[in-house]
Amino acid sequence: MSLTLWSSRCSVTFVRQCSTIFTSNFCPGPVSVSGILQHNSHSPHQLLHHQRTMSSAALGRQDGGTQSRGSTSGAASGVPPFKHPHCDRQAMYAQPVRQIRNKGGSYDYDLVVIGGGSAGLACAKEAVLNGARVACLDYVKPTPTLGTKWGVGGTCVNVGCIPKKLMHQASLLGEAVHEAAAYGWNVNEKIKPDWHKLVQSVQNHIKSVNWVTRVDLRDKKVEYINGLGSFVDTHTLVAKMKSGERTLTAQTFVIAVGGRPRYPGIPGAVEYGITSDDLFSLEREPGKTLVVGAGYIGLECAGFLKGLGYEPTVMVRSIVLRGFDQQMAELVASSMEERGIPFLRKTVPLSVEKQDDGKLLVKYQNVETGEEGQELYDTVLWAIGRKGLIEDLNLPKVGVKVQKDKIPVDTLEATNVANIFAVGDIIYGKPELTPVAILAGRLLARRLYAGSEQRMDYQDVATTVFTPLEYACVGLSEEDAVKKYGADEIEVFHGYYKPTEFFIPQKSVRYCYLKAVAERHGDQRVYGLHYIGPVAGEVIQGFAAALKSGLTINTLINTVGIHPTTAEEFTRLNITKRSGADPTPATCCS
């Protein structure tokens, strides 16, 4: 695209945004836009910086008005700050933005970002856009079992969201092929997946993203260093590279190293088991697979393995999908069991032994009864959680506090050390999600180098579990809402539904279910939305914006749905759990 065309499109976008800003309730009165229309003489980077400055200023007014860096927020004149039920914005903005010294000086860089994943890259590129001199360190240690490594981009691109979604899609396509016969397609019953071809296609895509990322860093003047960083002091870091060591000095550091899968401390775990770090590039078919762990990673992997024709079993120590709404979690598990994925409940592995034929003998025990058992598998996949990569950073040397292998930060992503920040999956107690990491990284860079006051809002972040029947949610679970407000103050609207596309192939609709968790009285503000069904992520994204904007049950049920879709089922919710009425629909069209 030519620069002229880019500038023209950006001009239209900019004028629209400014029109919205200047005609909003937060800035009453007529405003001249003649100055705005003179932006064509500026460079694209200047234009984007101008847009962000204007947006930040508007947000500052919306959030109570922040007039200068380092000031605390107060209510804008005549306009009370937006009050969200789960987000104490006054508390969020009560802490002043940490002052950063002017760029330049005797340091090699203004900013060194440690970690080349979603958070680190977003922060580094945004900082350069705002005039900082930036280096980004990235290094991947090989996995202990297979020695798997990958390129720049972090977990999401290489061994997380992207390959997971691609394999999930491959699984859904296989399911769709068999459903096609019911819709009149002549389908060859011998159709089956080719694991090696699938892996190669996925890896080719990942490598293309790695390449584009490297080019993007070069074009944006971010110096990429393939090295393992370790602190020497608060302004000095040593990068350990293949060619030797290199010492870097910087005014500010951002730790964005993320995490890696955990291994259990049992015999044979590291020697013979693999993790999601290995699965998406596995050179052999996984075959009969034991997935140990029932978090979202474990369930997603078990789901697409089943869809690709393999035999996964899920071993659950305690509960399914810890941290999610437990009614929905159990529905997800039940839907997977219905598809032929067995769950070993209340069970933990004791050891893994490799047999002469290459099979893996797993011995396990029921934690309630003490009963022991054993089974042979082709693959053992550990999905028992992730740990923060803090061991190589030498954090004690600079005094950065650590909590359970993560780094605690304040509302500014600042650690307890003045010039060291942390962002992404390495920070303690925040959602470990790629879009969260990206936005938090950008906002941090804007506060450091563009004078922004905007904080990252970690509340009510939407997410999706890509199991065969997907689960998406935003806001509070039913349990958390009851805990926060009390059972007598919560109303749960719920219902089962029947996706139209499930009718002809006669797919099971037994677990297609959704609910809205809301306050019982008053405006009945919605605290949480939960949905199990097809394309769950696509359904919940728009509702997430509505919930963040103060969605109420009255607004929801008076919104006209798009028919026939599954998303419209949220607008049809009218039965409460408290009523005891049957939430199963009689018909799809009335």
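Source: prediction; values computed, not measured. (Residues numbered from 1 in each chain as written. Predicted model: local features only at pLDDT ≥ 70, side-chain atom pairs only at ≥ 80, totals over all residues. Heavy atoms only, no water.)

Time to look at the overall build of the chain. Assigned secondary structure in the chain consists of 16 helices and 22 strands. Taking all 590 residues of the chain together, the buried fraction comes to 48%. Considering only residue pairs separated by 6 or more positions, the chain has 65% of its internal contacts joining residues 24 or more positions apart. As displayed, the chain has an accessible area near 27700 Å², and 53% of this comes from carbon and sulfur atoms. (Helix = DSSP H or I, 4+ residues; strand = E, 2+ residues; numbered from the N terminus. Buried < 20%, exposed > 50% of the residue type's maximum accessible area, 1.4 Å probe, protein only. Contact = heavy atoms within 4.5 Å. Areas by Shrake-Rupley, 256 points an atom, 1.4 Å probe, with all protein chains shown as cover.)

This part is about the sheet that holds strand 9 (residues 288–292). With parallel pairing, 5 strands are arranged side by side in an open sheet as 8-15-9-10-11. Of all strands in the sheet, those with a lone pairing partner are strand 8 (274–275) and strand 11 (343–344), marking the two edges. Packing of helix 10 (residues 296–307) onto the sheet brings it into contact with strand 9, strand 10 (311–315), strand 11 and strand 15 (379–382), and relative to strand 10 it is tilted by some 160°. (Pairing = 2+ DSSP bridges. Axes fitted to C-alpha atoms, helices over the stretch in contact; angles between N-to-C directions.)

With that out of the way, let us pick up unusual backbone geometry. Residue histidine 563 is joined to proline 564 through a cis peptide bond whose omega torsion reads -5°. Inspection of the secondary structure assignment puts proline 564 in the segment after helix 16 (553–557). Although it is not a glycine, lysine 221 adopts a positive phi angle of roughly 65°. Counting through the fold element by element, lysine 221 comes out in the loop between helix 7 (195–219) and strand 3 (223–225). Judged by its relative accessible area of 64%, lysine 221 falls in the exposed class. A positive phi is found at asparagine 394, a non-glycine position, where the angle reads about 60°. Residue asparagine 394 is classed as partly exposed on the basis of its relative accessible area of 32%.

Counted according to the given criterion, the structure contains 26 salt bridges. Across the salt bridge formed by aspartate 392 and lysine 141, the nearest N and O atoms sit 2.7 Å from each other. Within this pair, whereas aspartate 392 is found in the loop between strand 16 (386–388) and helix 12 (395–398), its partner lysine 141 is found in the loop between strand 2 (134–137) and helix 5 (154–159), the two being separated by 251 residues in sequence. The exposure class of lysine 141 is partly exposed, given its relative accessible area of 36%. For the salt bridge of glutamate 175 with arginine 339, the shortest nitrogen-to-oxygen distance reads 3.0 Å. Of this pair, glutamate 175 sits in helix 6 (residues 161–180) while arginine 339 sits in the loop between helix 11 (326–338) and strand 11, and the two are 164 residues apart along the sequence. On the basis of relative accessible area, arginine 339 is assigned to the partly exposed category, the value being 31%. Three or more residues joined by partner-sharing salt bridges are found here, namely Glu175, Glu179, Arg339 and Lys507. (Salt bridge = Lys/Arg side-chain N within 4 Å of Asp/Glu carboxyl O.)

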